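Chain by chain, the residues:
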There are 2 protein chains.
Amino acid sequence: MGAALALAERGRGRTAPNPNVGCVIVKPASAQAGDRVVGRGWTQPGGRPHAEAMALEQAGDAARGSTAYVTLEPCAHMSPRGPACSTLLAEAGVERVVVALGDPDPRTDGSGIERLRAAGITVDVGIRAEDARRSMAGFLARQSFGRPHVTLKLATSLDGCIARADGESRWITGEAARAHAHLERARHDAILVGRGTFDADGPRLDVRLAGLENRSPRRILLSGSAREPDGWTVIDAPGRIGDLDAVDYLMVEGGAQTAAAFLRADLVDRLLLYRAPILIAAGMPALGDIGLDRIADAHGRWRGIDSRVLGSDRLDAYERIRD
Amino acid sequence: MGAALALAERGRGRTAPNPNVGCVIVKPASAQAGDRVVGRGWTQPGGRPHAEAMALEQAGDAARGSTAYVTLEPCAHMSPRGPACSTLLAEAGVERVVVALGDPDPRTDGSGIERLRAAGITVDVGIRAEDARRSMAGFLARQSFGRPHVTLKLATSLDGCIARADGESRWITGEAARAHAHLERARHDAILVGRGTFDADGPRLDVRLAGLENRSPRRILLSGSAREPDGWTVIDAPGRIGDLDAVDYLMVEGGAQTAAAFLRADLVDRLLLYRAPILIAAGMPALGDIGLDRIADAHGRWRGIDSRVLGSDRLDAYERIRD
Ligand SMILES: NC(=O)c1ccc[n+]([C@@H]2O[C@H](COP(=O)([O-])OP(=O)(O)OC[C@H]3O[C@@H](n4cnc5c(N)ncnc54)[C@H](OP(=O)(O)O)[C@@H]3O)[C@@H](O)[C@H]2O)c1
Ligand SMILES: NC(=O)c1ccc[n+]([C@@H]2O[C@H](COP(=O)([O-])OP(=O)(O)OC[C@H]3O[C@@H](n4cnc5c(N)ncnc54)[C@H](OP(=O)(O)O)[C@@H]3O)[C@@H](O)[C@H]2O)c1
């Protein structure tokens, strides 16, 4: 399942409105050989083929008697773009299917699993469900909240400034952190900035990493004014992100007012904090007012999920606790 | 040497103006037994007995033929409070002495090692010198700069605030982080705050940890006014810290102006950043103006030396790069 989850990441930011799923097909040990992987698949750009279809195609006849590991319940619905994955798995003679997470899509929602079981396949559900939830956070946010999963990215000094008081912000973080931030861009369907940042920095928001140039996400501008720059989509309130077509992963890159507007609306699901080992002091704060009434109210909202060194900088990732 | 360095920590904040040294005496393997530790010592409160004297006392006759690991070059000077440690080691019949760091004190500065060698003892120098330098940072700052080693402690939200805009700051960090900060207090000879923090919070600055209550450090107030509260020592500029008697480790606990004053004077050697997983936004910044002209000038000054989880908070420690 770990391998299937890793494959699922390949589709992140490119499969909306379909979930980014990963699948690994393993032929169990026989007299002739040990366990071996005979097929690997992940949801392809645009959402098709599905991960299972790709992995089965690779496996060919070797799928007979195999175990398939899938990060999401195989679909149960035919589509003009291909047959249901639960049908494909049954027809290929797969003996066991291990599923990380049930599919909340009303067109599947348990019927994929039923269909597999009806075909005599052993099905286990819930293996690494938490990791699968994170891996398909965009699809799940769309299902639960009718809007994309939102990551807020901030690059700050140790004392939490995103620029000097006069606006100078080049460079706070080093090359490794900036490269990582570009990689994160490639994992999102769209990037959003506020009009202030657009006017000040004219950001390109593209992915400047060799081999990933074509992974640059769509550019969204938050602004009360309708003036729409070439190549940008304007929305006039954070709450409008649900209207963006085929955007399941959205990254908000600033500035302070925009970040605060998303936080105030409780639309941020994940924080990416890149922190450089410098002190700016009396600089530009990362966030405008979010309307916090008491320190106590700020607790219990964020859970650390990653912390890593990037050159001389550090990346800390947090996710919004919702329960 | 790792064990000797750990013992050295026991004296930190209590041995000024003497260095906090650690010593372990090991009897090499014989036909009867493997290597075994026969003596452990660390500089005692007030600076005497020295680590070596304590360890030799424990070892007794077992010191004959042993190896002594010491974090600092044994002293070469007699004192009314006891004989030189190099003499004691030779008289006890120690065969080999492993030293982490030479003693820059002009009264020793190599002559301790010479004396040991003259007595026929094998001496190795430089083992874990970097760790020893950190472990005796207070003594070394006094030798090199004529002032204590200064730690600046900040407890902030993820966005770098130390309070809400109206001053509310209870509580940002959780219990584990606060307990750790109290432990750090116990490792300092004195704690300093600015008059603003004194007036706002009336801080006690004591060590509220069971068993360590008597380790509460001296309390220093930074203020242009001579008004000296009971139990406090007032200094009227950061540059005056060199005048404080028997203070080799000083912790600055805020507020923003005071922290900035120490940073502006380049008197901060170590940063302790306790960070809670909360967002305050538009709150009170951790630092007042430090006079930074360009972002580029802020780089290359701080090196991460520790990062750890404390409950739901994180502690990041940095040291000033001076070379
Ligand atoms: N170092 C870094 O990581 C970093 C990253 C990003 C930005 N920055 C810096 O941050 C500065 C800009 O930040 P900023 O806070 O001034 O501006 P900003 O957040 O980028 O943009 C503010 C504008 O966004 C629009 N907006 C904000 N909230 C809105 C809402 N709820 N509904 C509709 N529109 C909304 C408004 O545009 P209209 O006025 O058009 O309605 C507002 O004027 C720049 O100096 C930039 O360099 C630094
Ligand atoms: N959450 C936290 O971690 C934390 C920690 C500490 C403080 N705080 C908060 O911070 C606030 C106080 O911060 P603050 O920045 O206003 O005050 P502050 O730094 O505590 O004190 C300012 C005062 O310190 C003296 N001072 C500063 N620099 C000096 C210099 N170079 N030479 C001589 N004296 C100097 C001056 O005293 P005189 O005017 O007497 O000359 C000045 O008025 C309080 O609200 C407190 O609760 C929060």
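Residues numbered from 1 in each chain as written. Chains lettered and ligands numbered in written order. Predicted model: local features only at pLDDT ≥ 70, side-chain atom pairs only at ≥ 80, totals over all residues. Heavy atoms only, no water.

Residue and element names in this part refer to chain A. Mapped onto the present numbering, the UniProt feature "active site" (unreviewed entry) falls at Glu-52. Of note, Glu-52 is situated in helix 2 (residues 51-59). Exposure remark for Glu-52: the relative accessible area of 4% places this residue in the buried category. For Glu-52, the residues in contact, after removing those within four places along its chain, are Cys-23, Val-70, Leu-72, Pro-74, Cys-75, Cys-85 and Leu-89. (UniProt positions renumbered as here; feature names shortened; annotations may be inferred. Helix = DSSP H or I, 4+ residues; strand = E, 2+ residues; numbered from the N terminus. Buried < 20%, exposed > 50% of the residue type's maximum accessible area, 1.4 Å probe, protein only. Contact = heavy atoms within 4.5 Å.)

Looking now at the sheet that holds strand 6 (residues 149-156) of chain A. Residue and element names in this part refer to chain A. Taking strand neighbours across the sheet as the criterion, the eight strands line up as 10-9-8-11-6-12-15-14 in an open arrangement whose pairing is mixed. Each edge of the sheet is formed by a strand with only one pairing partner; in this case those strands are strand 10 (232-235) and strand 14 (302-310). Averaged over all neighbouring strand pairs, the angle between strand axes comes to 25°, with direction disregarded. Where strand 8 (residues 190-194) and strand 9 (residues 218-222) come together, five bridges link them in parallel fashion. Bridge assignment links Ile-191 to a residue of strand 9, and that residue is Arg-219. Sitting on the sheet, helix 7 (residues 175-186) touches strand 6, strand 8, strand 11 (249-252), strand 12 (270-275), strand 14 and strand 15 (313-320), and the angle it makes with strand 12 is about 160°. (Pairing = 2+ DSSP bridges. Axes fitted to C-alpha atoms, helices over the stretch in contact; angles between N-to-C directions.)

Residue and element names in this part refer to chain B. Surrounding ligand 2, one finds 23 residues, the nearest of these being Ile-162, Thr-197, Ser-223, Gly-224 and Thr-258. Thr-197 places a side-chain nitrogen or oxygen 2.6 Å from an oxygen atom of ligand 2. Within the backbone of Leu-222, an N or O atom sits 3.5 Å from an oxygen atom of ligand 2. Here ligand 2 loses 75% of its free accessible area of 930 Å² to cover by the protein chains. Listed by contribution, the elements that provide at least two residues to the shell around ligand 2 are helix 8 (195-201) and helix 9 (256-264). Considering every element that reaches the shell around ligand 2, the biggest residue donor is helix 8, with five residues. Among the residues forming the shell around ligand 2, the class breakdown is nine nonpolar, 10 polar and four charged. (Near = heavy atom within 4 Å. Polar contact = N/O pair within 3.5 Å; in protein donor to acceptor, adjacent residues only side chain to side chain. Areas by Shrake-Rupley, 256 points an atom, 1.4 Å probe, with all protein chains shown as cover. Nonpolar A, V, L, I, M, F, W, Y, C, P; charged D, E, K, R; others polar.)

The next point concerns unusual backbone geometry. Most peptide bonds adopt trans geometry, and most residues besides glycine take a negative phi value. For the peptide bond that leads from Ala-16 of chain A to Pro-17 of chain A, omega is 5°, which places it in the cis range. Backbone torsion omega between Arg-170 of chain A and Trp-171 of chain A reads -20°, so that peptide bond is classified as cis. For Trp-171 of chain A, the location among the structural elements is in the loop between strand 7 (161-163) and helix 7. If you check the backbone angles, Arg-128 of chain B has positive phi at about 55° while not being a glycine. Counting through the fold element by element, Arg-128 of chain B comes out in the loop between strand 5 (122-125) and helix 5 (129-135). By relative accessible area, which is 42% here, Arg-128 of chain B ends up partly exposed. Backbone geometry at Ala-282 of chain B places phi at a positive 55°, although glycine is not the residue there.

The next thing to look at is the packing of aromatic side chains. Residue and element names in this part refer to chain A. Overall, the coordinates contain two aromatic pairs over all chains when judged by the stated rule. Here Phe-198 and Trp-232 contribute two aromatic rings whose centre-to-centre distance is 5.0 Å and whose plane-to-plane angle is 80°, an arrangement assigned as edge-to-face. You can see Phe-198 sitting in helix 8 (residues 195-201) and its partner Trp-232 sitting in strand 10, a full 34 residues away along the chain. Taken individually, Phe-198 and Trp-232 each receive the classification buried, so the pair is uniform in this respect. Directly above the ring of Trp-42 sits Arg-10, whose terminal nitrogen or CZ lies 4.4 Å from the centroid. In this structure, Arg-178 is placed above the aromatic ring of Trp-171, and the distance from its NZ or CZ to the ring centre is 4.0 Å. (Phe/Tyr/Trp six-rings, centres within 6.5 Å; stacked < 30°, edge-to-face > 60°. Lys NZ or Arg CZ within 6 Å of the ring centre and 35° of its normal.)

Another aspect to go through is the relation of the copies chain B and chain A. Between chain B and chain A, the superposition needs a rotation of 180° and an axial shift of 0.0 Å, giving an RMSD of 0.0 Å. When the rotation and shift are considered jointly, the pair of chain copies conforms to a two-fold rotation axis. By C-alpha distance to the rotation axis, the residue of chain B lying nearest is Gly-160 of chain B, at 2.1 Å. (Least-squares fit on C-alpha atoms with pLDDT ≥ 70 in both.)

As a further point, take the domain arrangement of chain A. By a frequent convention, interface size equals the accessible area lost on bringing the separate parts together. All names here are of chain A. In terms of domain boundaries, chain A breaks down into domain 1 (2-138) and domain 2 (148-320). Spacing between the C-alpha centres of domain 1 and domain 2 amounts to 33 Å. Each partner contributes residues to the interface: domain 1 has 14 residues there, and domain 2 has 12 residues. Approximately 1,100 Å² of surface area, both sides summed, lies buried where domain 1 meets domain 2, with 44% of it carried by carbon and sulfur atoms. Between the two partners, domain 1 and domain 2, sit two salt bridges. Among the salt bridges present, the one from Arg-134 reaches Glu-319, with a minimum N-O distance of 2.9 Å. Summed over the shared surface of domain 1 and domain 2, the result is six residue pairs in polar contact (both at pLDDT 80 or more). Listed by contribution, the elements that provide at least two residues to the side of domain 1 that touches domain 2 are helix 5 (129-135) and helix 6 (137-145). For the side of domain 1 that touches domain 2, the residue count by class is four nonpolar, five polar and five charged. (Domains from an automatic or database assignment. Buried area = accessible area lost by both parts, 1.4 Å probe. Salt bridge = Lys/Arg side-chain N within 4 Å of Asp/Glu carboxyl O.)

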